[in-house]
Amino acid sequence: QLQLVESGGGLVQPGGSLRLSCAASLGTLDHLAIVWFRQAPGKEREGVSCIDYRAYTRNYIHSIEGRFTGYRDNAKNTVYLQMNSLQPEDTANYYCAANSDPFSHICPDAAAEGRYNAWGLGTQVTVSS
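Residues numbered from 1 in each chain as written. Predicted model: local features only at pLDDT ≥ 70, side-chain atom pairs only at ≥ 80, totals over all residues. Heavy atoms only, no water.

### Topic: the pattern of salt bridges
When their charged atoms lie close together, side chains carrying opposite charge are able to pair. Counted only if it meets this: Here, a salt bridge means any side-chain nitrogen of Lys or Arg that lies within 4 Å of a carboxyl oxygen of Asp or Glu. In this description a helix means any DSSP run of H or I spanning at least four residues, a strand means any run of E spanning at least two, and both kinds are numbered starting from the N terminus. Throughout, exposure labels follow a simple rule: accessible area from a 1.4 Å probe, protein chains only, divided by the maximum for the residue type, with under 20% read as buried, over 50% as exposed, and the rest as partly exposed.
According to the stated counting rule, one finds five salt bridges in the structure shown. Between Arg58 and Asp109 there is a salt bridge; the shortest N-O distance is 2.9 Å. Here Arg58, found in strand β6 (residues 57-59), pairs with Asp109, found in the loop between β9 (92-98) and β10 (118-119); they are 51 residues apart in sequence, far enough to count as distant. The class for Asp109 is exposed, based on a relative accessible area of 62%. Linked by salt bridges that have partners in common, Arg38, Glu46, Arg67 and Asp90 make up one network.

### Remarks on the sheet that holds strand β7 (residues 68-73)
As a reminder, the rule being used: Pairing between two strands is assigned when DSSP locates at least 2 bridges connecting them. Between N-to-C directions, angles span 0 to 180 degrees; the directions come from axes that are lines fitted to C-alpha atoms, helices contributing only their stretch in contact.
The strand order across the open sheet formed by four strands is β1-β3-β8-β7, and the pairing between neighbours is antiparallel. Looking at which strands have only one partner, the edges of the open sheet turn out to be β1 (3-7) and β7. Averaged over all neighbouring strand pairs, the angle between strand axes comes to 20°, with direction disregarded. Inspection of the sheet shows β7 paired to strand β8 (residues 78-83) by six bridges, in the antiparallel sense. When the sheet's bridge partners are listed, Gly70 is paired in β8 with Leu81.

### Quick look at the nonpolar core
Nonpolar side chains tend toward joint burial in soluble globular proteins. Where we set the bar: In these notes, a set of buried Ala, Val, Leu, Ile, Met, Phe, Trp, Tyr and Cys residues joined through side-chain atoms within 4.5 Å is what counts as a nonpolar core. Any two residues whose heavy atoms approach within 4.5 Å at even a single point are treated as in contact.
Leu2, Leu4, Ile34, Trp36, Phe68, Met83 and Tyr94 are the most contacted members of the largest nonpolar core, which totals 28 residues. Mapped onto this core, the elements with two or more residues apiece are β3 (18-26), β4 (34-39), β5 (46-51), β8, β9 and β11 (123-127). With near-sequence residues (within four places) excluded, Ile34 lies in contact with Cys22, Leu29, Ser49, Cys50, Ile51, Val79, Cys96, Ala97 and Ala98. Counting residues in hydrophobic clusters, the runner-up holds eight residues, among them Val35, Phe37, Cys50 and Tyr95.

### Considerations on the environment of Phe68
Within the secondary structure, Phe68 is located in strand β7. The sequence separation of Phe68 and Ser17 amounts to 51 residues, and the corresponding C-alpha distance is 9.6 Å. Excluding residues that lie within four positions of it along the chain, Phe68 makes contacts with Arg38, Val48, Leu81, Gln82, Met83, Asn84, Leu86, Asp90 and Tyr94.

Keep in mind that these numbers describe shape and distance, not what the molecule does.
Spelled out as structure tokens, the structure:
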């Protein structure tokens, strides 16, 4: 059984930075692909990015390229999403997700195509002046 917990959200000004964490409170993230999603009020949930078991990354939203960077620290059982140059359009609740049964270690071509049996409760990111 895998349980995920996100942290690191908050209120920042446009151009600011945040680092989100996705930690396994139960189970291990080692050898698993982790997908980040976000959802803003009144909008559909969308995939943001993914990091696979080798720490190779894939972005699902063009507007985050060059601004968001994913990395992982398996010793800490944690995956991170470094978000720089944040804009109001990035305001959303951010979630991490994974599938441990069946085991998934490679990022899906599209986040919505993946199947996930573990979700965190989310962390709020608000970008406002």
